[in-house]
Amino acid sequence: PTARCHGWAWEVAGREGATLSLTLDDRAPIHLPVVRGGSAQYEVLLGRVEPGTHTVRIELDAALTAQALRQSDAVRVETVDIAQYTDSDPSFVARSLAPIIYARPNTVGRFTDVPVFMWYEMEPAGIGTRYRYSVVFTNEDGGTPTDRLMATWGRTTDIEYIYSVVVDASGRILADDYQGPEHVTTPFRGQREGRHSLLWVSTENNMVLDTGETRVRYSPAAQSVPLVNVSREVVMDANPWLYDVMSKELVREGKIVPDAPPGKGTIPDPRRFVYIEACGDVGTSALAFAVGAGARCISSDRGIREYRIVRDGCFRAAIPLPVSVSGTDVRALRAQAFPRPPRDGSEPPPPTPIRLTRINTVFMLDGAFRPGSARLRWEGEKMLEPGGTPLEFVLP
């Protein structure tokens with residue numbers, strides 16, 4: 001459906017948003033949070049149907065709608081388009097297997113940690129094909145502090161792999177699993193609605209279980225997003241409204257503070273950050289980026305060892321600019337390797353050189369939270385020794 005919410009303000013308690021209830025025949029409803037300003041299109045999966053006549057009802061769920069938006073004319077469904085996918089459609093198998101996500105109990109009616117975007121990836125798996133499903137939640141109530149999230153992930157949404165399933169050429173399910181508490185991958189043993197697994201968000205950092213009690217459930221239509229030599233955050237770049245909702249939720253939670261100091265769990269406006277995406281093998285070391293603006297050098301770790309990147313693959317960092325520095329002042333990018341800090345009282349293994357292979361983008365968000373054009377793209381191979389000379393790039 002295309003919906004418009006008058007008086008919507010995701011950043012203001014009591015006006016955060018509305019929730020629509022979409023019911024197919026006599027099934028349990030699928031809930032659709034209206035989290036975007038203006039007129040916006042939302043795509044929801046309602047499940048498999050047999051040939052014949054079916055009824056879809058769309059209603060406002062007042063209990064899950066902000067107090068100020070419960071009057072009858074505050075939320076308007078402007079258009080409804082119903083798309084049917086048959087088994088000849090390339091996305092049919094992936095969509096027919098996409099999980100249905102039930103709300104974490106302490107998020108019901110609170111407009112926090114809402115699952116608003118789902119995508120899938122495909123890969124060969126023995127005699128079959130694996131479909132991996134990941135979800136973007138608007139925030140993360142538990143786990144990593146906000147400023148550390150920006151330093152090491154370049155966003156404060158919570159992006160989680162939640163479910164994977166392997167099917168053979170006929171579509172028969174061979175195996176499936178989900179990401180449970182403590183990030184433990186666990187075989188799925190729960191219920192299904194048709195071929196859709198039912199998963200319940202169960203932890204403050206949005207891990208899931210295959211059992212639960214809540215009845216509020218979400219089914220954003222899973223999109224195909226192949227991630228080759230890019231980070232998961234590219235799904236946000238392609239859907240800039242996710243940055244908007246992310247930022248507004250931070251405002252509501254009191255986590256946006258001008259020139260916020262490091263280590264306090266607050267950040268400046270996300271539009272004040274320089275976002276960097278790179279790829280490489282960090283190994284047993286740690287990586288930080290810095291940008292140069294005139295005589296100033298501003299680092300992503302902000303002087304805190306724990307705010308450095310310690311994972312391989314493609315990753316993001318974000319660096320807040322002081323109010324006195326504009327994006328056009330930034331003329332250089334630096335990548336530097338460090339020894340990894342101790343964790344849980346134990347000494348880390350000896351540091352290894354970092355192998356940096358790509359800088360995919362350097363950008364800032366514009367006033368409407370849209371990512372700007374990439375100011376740098378680089379591909380090659382550079383080795384960074386912990387404590388050694390940093391790698392520097394000039395930004396046009």
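Here the structure is shown first, and the text comes after it.
What comes next is a walk through the structure. (Residues numbered from 1 in each chain as written. Predicted model: local features only at pLDDT ≥ 70, side-chain atom pairs only at ≥ 80, totals over all residues. Heavy atoms only, no water.)

Let us look at the pattern of salt bridges. Counting across every chain of the model gives 21 salt bridges. Asp-281 is the partner of Arg-355 in a salt bridge, and the nearest nitrogen-oxygen pair spans 3.0 Å. Highlighted residues: Arg-355 in strand β23 (residues 354-363) and Asp-281 in strand β18 (residues 273-281), separated in sequence by 74 residues. In this structure Asp-281 comes out as partly exposed when scored by relative accessible area, which is 34%. (Salt bridge = Lys/Arg side-chain N within 4 Å of Asp/Glu carboxyl O. Helix = DSSP H or I, 4+ residues; strand = E, 2+ residues; numbered from the N terminus. Buried < 20%, exposed > 50% of the residue type's maximum accessible area, 1.4 Å probe, protein only.)

Tallying each qualifying case throughout the model produces 10 aromatic pairs. Their ring planes at 15° and their centres at 4.2 Å tell us that Tyr-102 and Trp-200 sit as a pair that is stacked. Taken together, the residues Tyr-102 in strand β7 (residues 100-102) and Trp-200 in strand β14 (residues 196-201) connect sequence positions 98 residues apart. Given the relative accessible area of 6%, Trp-200 is considered buried. Ring geometry for Phe-273 and Tyr-275: centres 6.3 Å apart, planes at 45°, overall tilted. (Phe/Tyr/Trp six-rings, centres within 6.5 Å; stacked < 30°, edge-to-face > 60°.)

So, about helix α2 (residues 146-153). A large share of α2 lies buried, amounting to six of its eight residues. Thr-146, Asp-147, Leu-149, Met-150, Ala-151 and Thr-152 are the residues of α2 that are buried. If you follow the buried residues of α2, they end up packed against α4 (241-252), β18 and β21 (313-320). Two residues or fewer past α2, Gly-154 is found with a positive phi of approximately 70°. (Contact = heavy atoms within 4.5 Å.)

Turning next to the sheet that holds strand β9 (residues 128-137). Taken together, the six strands give an open sheet; going across it, the order is β12-β11-β10-β9-β8-β17, and neighbouring strands pair in mixed fashion. Lying at the two open borders of the sheet, with one neighbouring strand each, are β12 (184-187) and β17 (223-224). By the bridge criterion, five bridges tie strand β10 (residues 158-167) to strand β11 (residues 173-180) in an arrangement that is antiparallel. Residue pairing across strands places Ser-164 opposite Asp-177, the latter belonging to β11. (Pairing = 2+ DSSP bridges.)

Take the environment of Arg-316 next. Here Arg-316 lies in strand β21. Each C-alpha atom, one on Arg-316 and one on Ala-151, is 8.1 Å from the other, the two residues being 165 residues apart in sequence.

Glancing now at the state of the cysteines. Put plainly, two cysteines are in a disulfide when a covalent bond ties their sulfur atoms together. In the structure shown here, the tally under the stated rule is one disulfide. Two residues, Cys-279 and Cys-314, share a disulfide whose sulfurs are 2.1 Å apart. Judged by the sign of its S-S torsion, about 100°, the bond between Cys-279 and Cys-314 is right-handed. Highlighted residues: Cys-279 in strand β18 and Cys-314 in strand β21, separated in sequence by 35 residues. Given the relative accessible area of 3%, Cys-279 is considered buried. For Cys-314, a relative accessible area of 22% puts it in the partly exposed group. (Disulfide = S-S within 2.5 Å.)

Within strand β3 (residues 30-34), five of the five residues are buried, leaving the element largely enclosed by the surrounding structure. Covered by surrounding structure in β3 are Ile-30, Leu-32 and Val-34 together with His-31 and Pro-33, the residues of both alternating faces. Taken together, strand β2 (residues 18-24) and the strand that follows it, β3, pair antiparallel across an intervening segment of five residues, in which Asp-25 is found at a positive phi of about 55°.

Tyr-243 and Tyr-275 are the most contacted members of the largest nonpolar core, which has 50 residues in total. Looking at which element gives the most residues to this core, the answer is α4, with six residues. When residues no more than four places from it in sequence are discounted, the contact partners of Tyr-275 are Met-150, Gly-154, Tyr-243, Pro-270, Ala-317, Ala-318, Thr-361, Val-362, Phe-363, Met-364 and Leu-365. One finds Ala-278, Ile-309, Leu-333 and Leu-395 within the second-largest nonpolar core, a separate group that totals 29 residues. (Core = buried A, V, L, I, M, F, W, Y, C linked by side-chain atoms within 4.5 Å.)

Space left empty within the atom packing is revealed by a probe, the size of a water molecule, rolled over the atoms. Per the counting criterion, the structure on display carries six cavities of 30 Å³ or more. The volume enclosed by the largest cavity comes to roughly 110 Å³. As for the largest cavity, its lining consists of Thr-19, Pro-33, Leu-64, Thr-107, Val-108, Gly-109, Arg-110, Phe-111, Thr-112, Val-114, Val-216 and Tyr-218. Residue composition of the lining of the largest cavity, by class: seven nonpolar, four polar and one charged. In terms of residue class, the lining of the second largest cavity is built from six nonpolar, three polar and two charged. (1 Å grid on protein atoms, 1.4 Å probe; cavity = no way out; pocket = protein on both sides within 12 Å on 5 of 7 lines; lining within 4 Å. Points joined across faces, edges and corners; volume = space filled by probe spheres on them. Nonpolar A, V, L, I, M, F, W, Y, C, P; charged D, E, K, R; others polar.)

Function-wise, these values are silent; they only describe arrangement.
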